[in-house]
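In case you want the letters, here they are:
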Amino acid sequence: KKPPMAAADKFDFEVPPKLDERDRSQCKTFAKWCNLYLSKRNMPLKNFGEDLVNGVKLINLIEVISGTSLGKYNAKPKSHIQNAENLALPIAFINSFLKEVHIRVSYGVENVLAGDDYKSIMGMIFCLIHKFEINDSGLDGKDGLLLWCQNNTKGYKDVEVNNFSNSWKDGLAFAALIHHFRPDLVDFDACTAANPTHNFTVAFDAADSLGIPRLLDVEDMVQCTKPDDKAVMTQLAHYWKVLSKMAKEGVGKERVAAVLGRFRQNRQMSDDYSGRAEKLRSWLEEQTANFKKAEFGETVAEAQAKMKDFNTYQESEKPEQMKEKLACAALLRSLQSKQRVEKAPLFTPPENISVDATEAMWSALVEAEKEYDDKAKQALAKARARDLEIARLQGRIDKVKEWMAEKTKDIEGASLGENRFETEGLIQMHSASLQEFTPWKRRAQDIIDNSPKFAEIASEGAAVEGAMAALEAKAQTRKDALEEQLQQHMAFEKKQLSIASDTQKLLAALDDISEQLETPIKVYNKHDVAMIRAILDNAHSSVDAQRAAVDALVEADKECEGKANPFSRVTVAQLKERFDTIHATMEEKMKALDVEDQGLHKLDELKKEFAEAAEAFDTWSTSQVSALEKDAAGELEEQLAAVRAAEKEASAACDEKLEAIKGIKARMAEAGETVGESNEFTSLTLPGLITKGEAMLGAFRDKADVIDGRIVAKKGMDISPEQLEELKQAFKVFDKHEQNGLDMEEFKMCQESLGQELNEDQLKEVFERLDTSKNGFVAFDEFVSYMWSVMRVTDSYDDILSALQGISGDTIPTAELEKMLAPEVATYIISVAPKAADGNVDVKELLAMVFDVTQ
């Protein structure tokens, strides 16, 4: 790359022969410097005598470097007086700033007019160099130039810059300075103090390639005993101009790369939020719809299966989605906080996946769950009642079929009697037998009316109806046959017929009582106890009502002297035995019902015990939260320690109380409590108490967070309440063990979610530095301090715009972005950045995407 000005060496310059070694070096350097600027007006300086005597070149030199006109002068002076008039202008200009360059003497026309006062002339030239190359260029004088050289050669072997003379004699300092900024141009390891010629040659050649004018000669620098400090300063001023600009442009590119990298990272975080929030929204819609359209079937097994599925959902699927909801909200808060700090446009998610919309859908899901739970409990109760009714009808069906089978067998297998007494008895027995049809037909009609209601026994009604009709037809046929036969036989003994008739009536009554006693003794609540007790009481009344009739039959049978009664299939003794059996069965049923009733009473006592413990826990947890609302005394750190100690004590007490309540709940299950059964003594539930306990402990953590925030504010961090609240929420999300601190793994996850990537060594170094208490956790105040230092960004829109325009103007080629950015960042930025008409990236349009221009 060629220098921006004409090479200083292309003009021949006459060095006065009477100057010593240092002055000759200084004279050559100053002459080259003058020609850098005089070449712009095509008036090279060939010597410090004749060329400056008339003042024309000196005036032009000052006007070029200062940009100031010195006024009218004689362009072609022809006399000594005109020369003096011309010289007065530049000398007055130089004398006006001598104090700025720390020169105590002033110059006069006579110092130049004679043409041989070289020291004064070179002094004036150096005043111009000091003023415009060192003071006014941003270096703040030679001390600033020396400090810049020291900072950029620090650490190089055998290089120690303390001055502008001997420190530069062996050329190593020049080589180090170039190597610091462009290590690709100088092999510093090949430079040694023993070979200064090599060092100067390498350094000056590299400087030439960077456009730095060569004002020093390698030969002069090698041969001189002590380099001239003014000549070296003049050369180094041009090193500073080029190299500092190069460094500034490099820093600008790094800042641009950092800003665009953060922009891509924010887009990735917003895309992550949108995808996860959309998936959560779909789940909420689907789950809510499923709950609303759910059906529970008719059987107990179907209803209990639905309730079991619902419990599984509450314990596994829903908690995972709750975690995802919280994680999405934390991700959005982190992203927006990061964007506020970076002054980037805030990401606002679509309305249907906003945090508020998600919370509203979550509330709708909770309502749908409650409705589903209520319907499931109602379905279970209805299914149980249905099962009881089916069991009752099935028992009646079995009895009716058994009776019809026996009756059919009796009718089809019975004779018409061998004599009139048998026939008459058979007629009477048949007549008595027909009286059984009324209660059995009533039972059959119950079956016919109700069995179609239940799929399991729907066909039984028609079967019973047909069989009963057939049996009645057979009974009528037998009656007709017996009446015909009766004309041939005498009537049987009236007393035996009466006994047989009464026996049959009592048997029918005992059948009714026996059927009532077949009701299963299985109760679920007090209503069931009352219902079954009413059935047993009715049976007891029936037994008492038939006792006198049975006793009368026994007495009547004794009067017959124990002779067999051909008109009755059941003897009085058998009737009496059945009566006694029914009475004993009734007593056993009553005892069994009492046992069931006692079990229900025990369960009620446990329910009361649960209610008392639950209400006590609810009152205690409420009081714990109320106590937190009172202001504490002492320093903030003492308050924080007190709250955390109270939280630990409350946590232990909470666990102890909940374990006791869980024990009561277990005993209730052992006592026969069924799934979904309500507790009439309290509306509180075990899951609700657990949630209340978690909320109470959350209040302790919130209180600690408030005090943490005050501690952060007391430390003087420039952080807004909104940003502090966002950091609190992020801290809570990643404090998975709820220790009021982040362990190393939690801290790592937090950094990754906020876009901060640390390798293992960096993670360990940062964590150990923040773990001031050395307990394996980073406290909240240290977390806030670190996060604020990481997230605070000072790059502004104007800074980055200036940096990009300094690189390539208002548009920047994609190839330049690819050189400047990491590959994945460059690919993303090029794909989304607006393009100008020339096909390059439009700088202002790109930054409008990166920064919030309204701020």
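Everything numeric in this text was worked out from a predicted model, so none of it was measured.

Draft legend 1. Looking closely at the overall build of the protein. For the protein, the helix and strand inventory stands at 29 helices and 2 strands. Here the C-alpha atoms of the protein give a radius of gyration of 55 Å, more than 25% beyond the 29 Å that 2.2 N^0.38 yields for 855 residues. Taken over the C-alpha atoms alone, the protein extends approximately 190 × 65 × 50 Å along its principal axes. Expressed as a percentage of its 855 residues, the buried residues of the protein come to 45%.

Draft legend 2. Inspection of the environment of L147 at higher detail. Of note, L147 is situated in helix 7 (residues 141-153). A relative accessible area of 47% places L147 in the partly exposed class.

Draft legend 3. The packing of aromatic side chains, seen in detail. A full pass over the atoms with the stated rule returns 27 aromatic pairs. Summarising the aromatic geometry, the rings of Y156 and F188 are spaced 4.9 Å apart at their centres and angled 75° between planes, so their arrangement reads as edge-to-face. Remark: F188 occurs in the loop between helix 8 (172-181) and helix 9 (196-209) and Y156 occurs in the loop between helix 7 and helix 8; sequence separation between them is 32 residues. Residues Y156 and F188 agree in their burial class; the two are buried. Consider the rings of W283 and Y313, whose centres lie 6.3 Å apart with planes at 25°: the pair is stacked.

Draft legend 4. Seen up close, the environment of D781. Note that D781 resides in helix 25 (residues 780-791). For the pair D781 and M586, spaced 195 residues apart in the sequence, the C-alpha separation amounts to 77 Å.

Draft legend 5. Local environment of the side chain of N86. Inspection of the secondary structure assignment puts N86 in helix 4 (residues 80-95). Of the polar contacts made by the side chain of N86, one reaches the backbone oxygen of N54; its length is 3.1 Å. Within the structure, the side chain of N86 is placed 2.8 Å from the backbone oxygen of N74, a separation counted as a polar contact. If we ignore the near neighbours within four places in the chain, the residues touching N86 are N54, G55, V56, I59, Y73, N74 and P77.

Draft legend 6. Molecular detail of the packing of helix 1 (residues 21-38) against helix 3 (residues 56-66). Across the interface, helix 1 lies against helix 3 with an axial gap of 9 Å and an inter-helix angle of 70°. In terms of orientation, helix 1 lies roughly perpendicular with respect to helix 3. Residues W33, C34, Y37 and L38 of helix 1 lie in contact with helix 3, whose contacting residues are K57, N60, L61, V64 and I65. Looking at the contact of helix 1 with helix 3 residue by residue, the classes come out as 7 nonpolar, 1 polar and 1 charged.

Draft legend 7. Up close: the packing of helix 12 (residues 300-342) against helix 13 (residues 355-413). Taken N-terminus to C-terminus, the directions of helix 12 and helix 13 make an angle of 170°; their axes are 10 Å apart at the nearest point. Regarding the angle of helix 12 to helix 13, the classification is roughly antiparallel. Residue classes in the contact of helix 12 with helix 13 are distributed as 17 nonpolar, 4 polar and 9 charged.

Draft legend 8. Representation of the pattern of salt bridges. In total, this model carries 50 salt bridges according to the counting rule given. Residues K401 and E460 are paired through a salt bridge, measuring 2.8 Å at the closest nitrogen-oxygen approach. With a gap of 59 residues between them, K401 in helix 13 and E460 in helix 16 (residues 460-486) connect regions that are remote in the sequence. Of the residues examined, K401 reaches a relative accessible area of 37% and is grouped as partly exposed. Residue E460 is classed as buried on the basis of its relative accessible area, which comes to 17%. Via salt bridges that share partners, E389, R392, R396, R442, R443, D446, D512 and E515 belong to a single interconnected network.

Draft legend 9. Spatial organisation of the nonpolar core. Core analysis: the largest hydrophobic core is formed by 82 residues, its most contacted members being W33, F48, L61, F174, L236 and Y239. Among the elements that take part in this core, helix 6 (residues 118-139) stands out by supplying 11 residues, more than any other. The residues touching F48, leaving out its near neighbours within four places in the chain, are F13, C27, F30, A31, G115, Y118, I121 and M122.

Draft legend 10. Looking closely at the environment of H130. Among the secondary structure elements, H130 is positioned in helix 6. The exposure class of H130 is buried, given its relative accessible area of 7%. Separated by 32 residues in sequence, H130 and L98 place their C-alpha atoms 9.9 Å apart. Among residues more than four places away in sequence, those in contact with H130 are V101, N135 and K142.

Draft legend 11. Structural view of helix 9. Taking 1.5 Å of rise per residue, 14 residues should cover 20 Å, and helix 9 covers 20 Å from first to last C-alpha, within 8% of that figure. For helix 9, the complete set of buried residues consists of P196, N199, F200, A203, F204, A206 and A207. End-on, the buried residues of helix 9 take up no more than an arc of 160°, which puts them together on one face. Looking one or two places after helix 9, you find G211, whose phi comes out positive at around 85°.

Draft legend 12. Representation of unusual backbone geometry in the model. Its identity is not glycine, yet H102 carries a phi of approximately 60°, on the positive side. Here H102 is to be found in the loop between helix 4 and helix 5 (110-113). For H102, a relative accessible area of 65% corresponds to the exposed category. Located in the positive-phi region is K343, a residue other than glycine, with phi close to 55°.

Draft legend 13. Summary view of the state of the cysteines. This model, assessed by the stated rule, comprises 0 disulfides. No disulfide involves C127; its sulfur sits 12 Å from that of C34, the nearest cysteine. Lacking any disulfide linkage, C149 is separated from the closest cysteine sulfur, that of C224, by 17 Å. Using a relative accessible area of 0% as the deciding quantity, one classes C149 as buried.

Draft legend 14. Fine view of the confidence of the model for the protein. Confidence in the prediction for the protein averages 84 pLDDT; 92% of positions are at 70 or higher. Within the model, the stretch residues 1-8 combines pLDDT values under 50 with 15 contacts to residues more than four positions away or in other chains.

Parameters at a glance
Residues numbered from 1 in each chain as written. Predicted model: local features only at pLDDT ≥ 70, side-chain atom pairs only at ≥ 80, totals over all residues. Heavy atoms only, no water. Helix = DSSP H or I, 4+ residues; strand = E, 2+ residues; numbered from the N terminus. Rg over C-alpha atoms; globule rule 2.2 N^0.38 Å. Buried < 20%, exposed > 50% of the residue type's maximum accessible area, 1.4 Å probe, protein only. Phe/Tyr/Trp six-rings, centres within 6.5 Å; stacked < 30°, edge-to-face > 60°. Polar contact = N/O pair within 3.5 Å; in protein donor to acceptor, adjacent residues only side chain to side chain. Contact = heavy atoms within 4.5 Å. Axes fitted to C-alpha atoms, helices over the stretch in contact; angles between N-to-C directions. Parallel < 35°, antiparallel > 145°, perpendicular 65-115°, else oblique. Nonpolar A, V, L, I, M, F, W, Y, C, P; charged D, E, K, R; others polar. Salt bridge = Lys/Arg side-chain N within 4 Å of Asp/Glu carboxyl O. Core = buried A, V, L, I, M, F, W, Y, C linked by side-chain atoms within 4.5 Å. Expected span 1.5 Å × (residues − 1). Arc of directions from axis to C-beta. Disulfide = S-S within 2.5 Å. pLDDT = per-residue confidence, 0-100.

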